[in-house]
Amino acid sequence: ETGVTQTPRHLVMGMTNKKSLKCEQHLGHNAMYWYKQSAKKPLELMFVYNFKEQTENNSVPSRFSPECPNSSHLFLHLHTLQPEDSALYLCASSQEGTTVGDEQFFGPGTRLTVL
Amino acid sequence: TQLLEQSPQFLSIQEGENLTVYCNSSSVFSSLQWYRQEPGEGPVLLVTVVTGGEVKKLKRLTFQFGDARKDSSLHITAAQPGDTGLYLCAGGPFLKTSYDKVIFGPGTSLSVIP
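Residues numbered from 1 in each chain as written. Chains lettered and ligands numbered in written order. Predicted model: local features only at pLDDT ≥ 70, side-chain atom pairs only at ≥ 80, totals over all residues. Heavy atoms only, no water.

Draft legend 1. Main features of the state of the cysteines. On inspection of all chains with the given rule, the structure shows two disulfides over all chains. Residue Cys23(A) pairs covalently with Cys91(A) via a disulfide, S to S 1.9 Å. On the sign convention where negative is left-handed, the bridge of Cys23(A) and Cys91(A), at about -75° about the S-S bond, is left-handed. Taken together, the residues span a long stretch of sequence, with Cys23(A) in strand S3 (residues 18–25) and Cys91(A) in strand S9 (residues 87–94) at a distance of 68 residues. The class of Cys23(A) is buried, set by a relative accessible area of 0%. For Cys23(B), the disulfide goes to Cys89(B), at an S-S distance of 2.0 Å. Disulfide Cys23(B)-Cys89(B): torsion about the S-S bond near 75°, hence right-handed. In this pair, Cys23(B) is assigned in strand S3 (residues 19–24) and Cys89(B) in strand S9 (residues 85–93), connecting sequence segments 66 residues apart. The burial state of Cys23(B) is the same as that of Cys89(B); both residues are buried. Looking at the unpaired Cys68(A), the closest cysteine sulfur is the one in Cys91(A), lying at 9.0 Å. (Disulfide = S-S within 2.5 Å. Helix = DSSP H or I, 4+ residues; strand = E, 2+ residues; numbered from the N terminus. Buried < 20%, exposed > 50% of the residue type's maximum accessible area, 1.4 Å probe, protein only.)

Structure follows, in C-alpha cells:
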C-alpha cells in the first residue's frame, strides 16, 4: 500500500465513450502526476500538477483532459480515444520542494483497453 | 535532454544466482531512485541515493551511486522468485526549474526461475 489509490483498476471502452480515471493520494503531497506506460516503452510523463496548478503538459492529445480539484485528487477525463491509447495509466504523487522531492509514490494503475 | 539508459533490458536467471543491473546517463543527477514494478501494478520505490559514491543496502539488494552522480547499479545476491519484476531507475534533475522533472529509464525486466 503506497498511499495512492486509483480507480477503476481495469477499464474497457469504445472509441466513442467518455470515461474518467480517478486518483487519490493520502500522503499529504503537493504534486501529482499522470503517466502512460505502454508495452515495451518507458514511462511517459503526461501531466504534472503542483499545488493544484498544471505545470506540465507533454504534448498530450486533447482527448486526454486532466483535472485537479485539490492537492489530494487527480482525474483524467477520456473521450474519443484511439486503440493506440490502450495502456497502463499510472498516477503518482511527491512532495516537491523538499530533499525527497524526487521520490514518487505510484498508485496501482488503471489498465485501459480501447476497442 | 537528459536520458537514462538501463542494461540489460531483459535478464532471466536461476534462483540463488547473483546479478547486477545498470543505470547510465551522460547527465549529472541530484538524486537517483530505484523502483520495482510487478506485472499489473505501479512501481514501488526501493531506495534513493543522493551522494556520489554512496552505497545503500536493503536486505539482499545493494545500490550504488556513481562518484560522478551519472550512473548507478543494483546488485542482488542470491536472487529469489519474489525478486521478479521490472526494475526502473529514475533521476532527479541537477538544476531544478519548474520544467525539470524526474526522468525514468526504460527498465530491466528480471525473471528469477525457481
